[in-house]
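Given next are the chains, with one letter for each unit.
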Amino acid sequence: MADTQGGNAFAMDKLRTRMRIHNAFLQESVALVNRLETDPLFTFVMGDVTDDWGYEEDFAKMNEYLLKLKTPVLYGIGNHETSLHLDFGPGYNMEGFNNYFAAQKQVNGLEKLLYSL
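Procedures and definitions
- Residues numbered from 1 in each chain as written.
- Predicted model: local features only at pLDDT ≥ 70, side-chain atom pairs only at ≥ 80, totals over all residues.
- Heavy atoms only, no water.
- Helix = DSSP H or I, 4+ residues; strand = E, 2+ residues; numbered from the N terminus.
- Buried < 20%, exposed > 50% of the residue type's maximum accessible area, 1.4 Å probe, protein only.
- Contact = heavy atoms within 4.5 Å.
- Polar contact = N/O pair within 3.5 Å; in protein donor to acceptor, adjacent residues only side chain to side chain.

Caption draft 1: Inspection of the environment of Val107 at higher detail. Of note, Val107 is situated in helix 3 (residues 98-108). Taking the relative accessible area as the measure of exposure, Val107 reaches 13% and is therefore buried. Beyond its immediate chain neighbours, meaning those up to four positions away, Val107 contacts Asn63, Leu67, Val73 and Tyr75.

Caption draft 2: Structural detail: the environment of Lys112. Structurally, Lys112 can be placed in the segment after helix 3. For the pair Lys112 and Tyr75, spaced 37 residues apart in sequence, the C-alpha to C-alpha distance is 8.8 Å.

Caption draft 3: Broad picture of the side chain of Thr71. With respect to the element layout, Thr71 can be found in the loop between helix 2 (56-66) and strand 2 (73-75). Accessibility expressed as a relative area gives 11% for Thr71, which makes it buried. Polar side-chain contacts of Thr71 include one of 2.7 Å to the side chain of Thr43. Residues in contact with Thr71, not counting those within four places in the same chain, are Val33, Pro40, Phe42 and Thr43.

Next comes the structure, spelled out in C-alpha cells:
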C-alpha cells in the first residue's frame, strides 16, 4: 500500500474531509487484502501513513484500521510521518519520529526507519 494518508478525521476540533476519504479507501484495501486467495507474507505501507504531520491520534486511527489485516504490517517512512518543521541538524535528533516509532511498535514490535534483508 502506498500513500494511505489517513488518520483521525475528527481530531483537533475540525473535520478533515480528505482523511475521511482516505480512511474509506484504506478500509476497502484492508478488506481486499484479507480476501486474497493466497496469504501475503506481509503488507508494506510505503510511506505517508498519515495525512498530516505524524500526530499521535492519526497514527492511532491508522493502526486501528491496519491491525485488522491478516498479515504482518511494515511501515515505510514518508514526509508525513514527522513533525512539521522538524530540525534534521547534526546529531541525528530522532525526537520528531517518536509518534511514528510508537505506532510502528504497536503494529509489528519494531522501531526502525529502514528495513533490509
